[in-house]
Amino acid sequence: MPSAGRAENVSSKVLADLLPIIEELGALRDPEELFPAIARELRRLLPRYKVLDIFLPRRDGLLAPAFVEGYGPDEPSRILIRPGEGIVGSAAEGREPIFLPDVDDDPRYIRVHEGVRAELALPLLHRDRLVGVLNVEGPDPAAFTSEAVTALQVLAGHLAVAIENATLFREVRWYANTLATLHDIAREIASILDLDDLLTRVAEEVKRVIDYEIFGILLLDEAAGELVLRKAVPYYKWASKERIPLAEGLTGAAARAKAPILVADVRHDPRYLPVIPEARSELVVPLVYKDRVVGVFDLESREVSRFSEEHVKMLTPLAGMVAVAIENARLYEELFRRDDRLHRELSLARDVQHGLFPEGNPAGEGWEASAHFLPAQELGGDLYDFYDLGDGKLGLAVGDVSGKGVAAALYGAFASGAVRTRAFERRHPADLLDRVNRTLRRRGVEGFFCALQYALFDFPQRRLTVAGSGLPYPLHHRAAEGRTVPLEVAGLPLGALDGSTYEEATVSLQPGDVLVFHSDGVTEANRGEAYYGLPRLQEQVARHARKSAAALGEAILDDVNGFLGEAHLVDDLTLVVVKML
């Protein structure tokens with residue numbers, strides 16, 4: 001009978017059999033490939049096993065199956081297990097392998113499968129942390145030979161490392177995709193200043209990341225101490241309750257704790273208010289602005305365990321952005337109610353903002369520049385600035401703050417001041433963006449960030465060095481070749497994440513070369529479904545490259561206006577042209 005204790009005195013034959021398995025599994029980084037590979041290799045060691053489960057721990061402490069094999073069509077294959085529950089939960093809690101020659105002799109056994117007699121549950125540990133539990137069940141004890149069990153116990157540590165690496169790889173890849181999606185959503189919602197329109201758009205955008213059945217946005221009525229339902233998207237009949245006291249329900253609990261609440265089965269949570277009889281799982285995410293709750297997202301489903309930790313990770317930062325957008329919309333509504341004062345203040349703010357831009361277009365020996373700015377609203381979130389650094393060197397910043405209006409303009413002024421300070425320290429572009437990012441992270445505003453290109457021209461050396469943080473790539477028209485190509489410099493927006501790094505590109509400049517820096521208000525100018533686009537911009541740059549910098553910029557603006565026709569700009573437009581004479 002194989003032992004359930006720790007593996008000792010491992011034979012050279014077992015090690016020889018395990019080495020290629022360890023090597024193969026260690027090379028896999030995608031869980032979708034790793035888990036089936038584990039099943040294949042276990043079949044070599046235990047050819048007669050009937051059922052295989054790989055359980056991973058969740059944030060709430062429950063063990064959830066990440067991979068199953070051998071279940072019949074009528075057998076529940078996705079059960080959740082608590083630590084200490086059943087053989088799997090006991091192995092997880094005790095951090096020791098458990099082998100049952102006869103499952104009927106142990107009252108802890110949870111019977112799911114017919115034809116199972118023996119079970120082996122192996123905790124997978126990495127640096128004393130539980131990564132998962134490997135559960136194998138067979139028709140009789142003979143399916144688990146001593147040599148196979150020993151091999152599995154030796155393999156357990158390597159499986160833990162492989163699963164940990166694959167999980168981290170998936171999380172990094174998922175997080176990168178999530179960040180890109182959230183960036184797009186943030187740009188969509190940040191410009192909406194009507195609260196009802198904003199909540200409708202938020203419901204649509206959340207649908208992009210979670211295919212929910214029921215979604216509600218409840219906003220806090222601080223005076224009444226209640227959460228008020230402002231937006232509901234039911235996909236079946238919802239017996240709605242429009243006001244919920246802050247002291248009641250999962251929505252109230254999340255708002256009071258200022259933390260998400262994820263419940264796999266609401267029937268087992270006494271805090272749940274039975275507003276929807278069919279509901280089984282619920283996810284509530286608070287909308288927090290400057291440590292103050294403004295409302296909650298509430299998602300419910302008829303499925304048990306419908307929502308996951310990944311949903312929590314995705315909705316939490318989105319909730320912060322939405323909280324900012326809600327506050328901006330509320331502020332805008334308040335300003336709109338004071339119409340006369342609004343116009344006076346916006347007029348003054350516009351004058352102040354324009355006063356922050358350079359007074360004229362710089363020029364020097366062998367070069368000239370021209371800047372053009374069109375706000376989509378009274379105030380814009382774009383920025384640009386020139387910095388005369390002496391010795392024939394010119395710094396140039398072109399940026400686009402998330403959102404529009406007063407808040408975006410103020411954040412843009414703050415970001416512009418941070419760039420100007422670093423520019424006159426004569427920082428290289430990538431180093432400048434790194435330092436500005438740290439400044440905005442320390443002193444910035446939650447929910448705002450700035451996409452920016454910083455260029456350093458060395459005209460005596462005919463050299464340009466540029467770094468970017470999310471703004472569309474600048475265009476370089478190479479006069480000698482007659483080509484207009486993007487300068488690819490990637491980077492995350494300033495103020496978005498700690499520890500962001502930035503790339504630099506350096507190119508040589510020749511007489512007649514043209515550099516065009518622009519915000520996405522140019523390429524994303526649209527009439528209906530048709531967008532101006534990068535190819536059309538490249539064509540205009542090439543067509544008018546022989547003109548002066550100012551004339552080239554005006555030609556592009558004329559073409560954008562001609563493309564728009566009766567449509568209006570939906571985003572701020574900034575265009576800066578630098579030409580080598």
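Bear in mind the structure is a predicted one, so any value in this text is a computation, not a measurement. (Residues numbered from 1 in each chain as written. Predicted model: local features only at pLDDT ≥ 70, side-chain atom pairs only at ≥ 80, totals over all residues. Heavy atoms only, no water.)

**What about the overall build of the protein?**
Consideration 1: Broken down by element type, the protein carries 13 helices and 24 strands.
Consideration 2: Counting only residues that meet the buried cut, the protein has 52% of its 581 residues in that class.
Consideration 3: Carbon and sulfur atoms provide 50% of the accessible area of the protein, an area that totals close to 26,300 Å². (Helix = DSSP H or I, 4+ residues; strand = E, 2+ residues; numbered from the N terminus. Buried < 20%, exposed > 50% of the residue type's maximum accessible area, 1.4 Å probe, protein only. Areas by Shrake-Rupley, 256 points an atom, 1.4 Å probe, with all protein chains shown as cover.)

**Overview of the nonpolar core**
Consideration 1: Core analysis: the largest hydrophobic core is formed by 64 residues, its most contacted members being Leu-198, Leu-287, Phe-297, Leu-299, Leu-315, Leu-452 and Tyr-454.
Consideration 2: When residues of this core are assigned to their parent elements, the largest contribution, 12 residues, is made by helix H7 (residues 309-337).
Consideration 3: Setting aside residues no more than four positions away along its own chain, Leu-299 makes contact with Ile-210, Tyr-212, Ile-214, Phe-215, Ser-281, Glu-282, Leu-283, Phe-307 and Leu-315.
Consideration 4: By size, the runner-up hydrophobic cluster in this structure holds 35 residues, among which are Ile-38, Val-149, Ala-160 and Ala-166. (Core = buried A, V, L, I, M, F, W, Y, C linked by side-chain atoms within 4.5 Å. Contact = heavy atoms within 4.5 Å.)

**Considering the packing of helix H12 (residues 534-543) against helix H13 (residues 549-564)**
Consideration 1: One can describe the packing of H12 onto H13 by two numbers: an axis separation of 10 Å at closest approach and a directional angle of 140°. It follows that H12 is oblique to H13 by the angle criterion. Relative to H13, H12 is oriented so that their crossing is right-handed. Taken together, the residues of H13 that come into contact with H12 (itself represented by Arg-536, Leu-537, Gln-540 and Val-541) are Leu-552, Ala-555, Ile-556, Asp-559 and Phe-563.
Consideration 2: Here the contact of H12 with H13 is built from residues that sort into 6 nonpolar, 1 polar and 2 charged. (Axes fitted to C-alpha atoms, helices over the stretch in contact; angles between N-to-C directions. Parallel < 35°, antiparallel > 145°, perpendicular 65-115°, else oblique. Left-handed = near helix turned anticlockwise from the far one by under 90°. Nonpolar A, V, L, I, M, F, W, Y, C, P; charged D, E, K, R; others polar.)

**Description of the confidence of the model for the protein**
Detailed reading of the predicted model is not advised wherever pLDDT is low.
Consideration 1: On average, residues of the protein score 84 in pLDDT, and 87% of them reach the 70 mark or higher.
Consideration 2: In the model of the protein, helix H8 (residues 339-356) stands out as the element of lowest mean pLDDT, 56, in contrast to strand E21 (residues 514-518), which has the highest, 97. (pLDDT = per-residue confidence, 0-100.)

**Focus: the packing of aromatic side chains**
Consideration 1: The tally for this structure, following the rule as stated, stands at 13 aromatic pairs.
Consideration 2: Ring centres 5.9 Å apart and planes at 85° place the aromatic pair Tyr-387 and Phe-424 in the edge-to-face group. In this pair, Tyr-387 is assigned in strand E14 (residues 382-390) and Phe-424 in the loop between helix H9 (405-423) and helix H10 (429-443), connecting sequence segments 37 residues apart.
Consideration 3: Judged by relative accessible area, which is 41%, Phe-424 ranks as partly exposed.
Consideration 4: Here the aromatic cluster, defined as three or more aromatic residues joined through ring pairs, consists of Trp-367, Phe-457, Phe-459 and Phe-517.
Consideration 5: Across the ring face of Tyr-49, the terminal group of Arg-43 is positioned such that the distance to the ring centre comes to 3.7 Å.
Consideration 6: One cation-aromatic arrangement involves Arg-527 over Phe-563; the distance from NZ or CZ to the ring centre is 4.3 Å. (Phe/Tyr/Trp six-rings, centres within 6.5 Å; stacked < 30°, edge-to-face > 60°. Lys NZ or Arg CZ within 6 Å of the ring centre and 35° of its normal.)

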